[in-house]
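Survey of secondary and tertiary structure
Residues per chain, in single letters:
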Amino acid sequence: MSRVLLIEDDRAVREGVTLALRRRGHEVEAAPTGDAGLAALETFRPDLVLLDLMLPDRSGFEVCRRIRATQQLPIIMLTARGDDIDVVLGLEAGADDYIVKPARGEVLEARIRAVLRRAAPAAAEGPVATPPDAEIHGDLVIDRGGLLVSKHGADLSLAPSELKLLLYLSAAPGRVFSRQQLLEHVWEHSYYGDARLVDACVMRLRTKVEDSSRSPRYVQTVRGFGYRFGPV
């Protein structure tokens, strides 16, 4: 099972989440502060981070940005019910998903499994006998087999959700997908119906693949419908 780094200052929540995950076979390292969590990244080397937004020493947003500056491992935010503004800011900082506290063990497990599948999209979609040739879309080169995206010859550092979203959209250039469809296929929890996950991910992806986020060439908005890839 996966190695999960939990950064949470509330002792009761920390102990409850740790117990729930360990019962399901995960290896868990729990940190009560942002600094302790950042230090554990190097020693514990997690597969995924569960990150509380309200920490005593530094904000969860700052911790998320610090992680994203050097690593693209999956990050799931833990947030209090009704903190809509914090959710948006957390997603913009680079989180892949979020869970409202208190969360049942089965909800934690489902979200963790989904976000880890996004970290390895090719494996989630089934084995590939022969890696396909790299696709060229304008200045972007997409290697689906190697899960690599480059622009002008330089590899792009994409978070798991950003990569999965780009792979999904670019597999059908010109086709328009609704936010609900993207939630189903990329985030795998359509029942939640949260368009903020899609919009925040699109915003982050555009900053990396587009020359101008205001005039996107690759990830385009179709007003009233959703998003499409191209035409380039």
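Scroll up to find the structure.
Residues numbered from 1 in each chain as written. Predicted model: local features only at pLDDT ≥ 70, side-chain atom pairs only at ≥ 80, totals over all residues. Heavy atoms only, no water.

1. Some remarks on helix H5 (residues 105-119)
Taking 1.5 Å of rise per residue, 15 residues should cover 21 Å, and H5 covers 21 Å from first to last C-alpha, within 8% of that figure. What H5 keeps buried is the set Gly-105, Leu-108, Glu-109, Arg-111, Ile-112, Ala-114, Val-115 and Arg-118. (Helix = DSSP H or I, 4+ residues; strand = E, 2+ residues; numbered from the N terminus. Expected span 1.5 Å × (residues − 1). Buried < 20%, exposed > 50% of the residue type's maximum accessible area, 1.4 Å probe, protein only.)

2. Thoughts on the nonpolar core
Membership of the largest hydrophobic core comes to 48 residues, with the highest contact counts inside it found for Val-49, Leu-51, Ile-67, Leu-165 and Leu-166. Ranked by residue count, the leading element in this core is helix H9 (residues 195-209), at seven residues. Filtering out sequence-adjacent residues up to four positions away, Leu-166 remains in contact with Ile-142, Val-149, Leu-158, Leu-205, Val-209 and Phe-229. One finds Leu-21, Leu-50, Ile-99 and Leu-108 within the second-largest nonpolar core, a separate group that totals 13 residues. (Core = buried A, V, L, I, M, F, W, Y, C linked by side-chain atoms within 4.5 Å. Contact = heavy atoms within 4.5 Å.)

3. Description of the sheet that holds strand S5 (residues 97-101)
On the basis of which strands lie adjacent, the open sheet formed by five strands has the order S2-S1-S3-S4-S5 and parallel pairing. Edge strands, defined here as strands with exactly one partner in the open sheet, are strand S2 (27-31) and S5. Averaged over neighbouring strand pairs, the angle between their axes works out to 20° when direction is ignored. Here helix H1 (residues 11-23) sits on the sheet and contacts strand S1 (3-7), S2, strand S3 (48-52) and S5; the angle it forms with S2, its principal contact strand, is near 170°. Along the sheet face, helix H3 (residues 60-70) touches S1, S3 and strand S4 (75-80) and points at about 160° away from the line of S3. (Pairing = 2+ DSSP bridges. Axes fitted to C-alpha atoms, helices over the stretch in contact; angles between N-to-C directions.)

4. Topic: the environment of Thr-70
Within the element layout of this structure, Thr-70 appears in helix H3. Considered as a pair, Thr-70 and Ser-157 are 87 residues apart in the sequence and their alpha carbons are 9.3 Å apart.

5. Considerations on the packing of helix H7 (residues 160-170) against helix H8 (residues 179-187)
The geometry of a pair of packed helices is captured by two quantities: the angle between their axes and the separation between those axes. One way to put it is that H7 packs onto H8 with a least axis distance of 10 Å and a crossing angle of 115°. Regarding H7 and H8, the two cross each other, and that crossing is right-handed. Across from Ser-161, Lys-164, Leu-165, Tyr-168 and Leu-169 in H7, the residues of H8 making contact are Leu-182, His-185, Val-186 and Trp-187. Tallied by class, residues from the contact of H7 with H8 come to six nonpolar, two polar and one charged. (Left-handed = near helix turned anticlockwise from the far one by under 90°. Nonpolar A, V, L, I, M, F, W, Y, C, P; charged D, E, K, R; others polar.)

Limitation: the analysis is restricted to geometry and does not speak to function.
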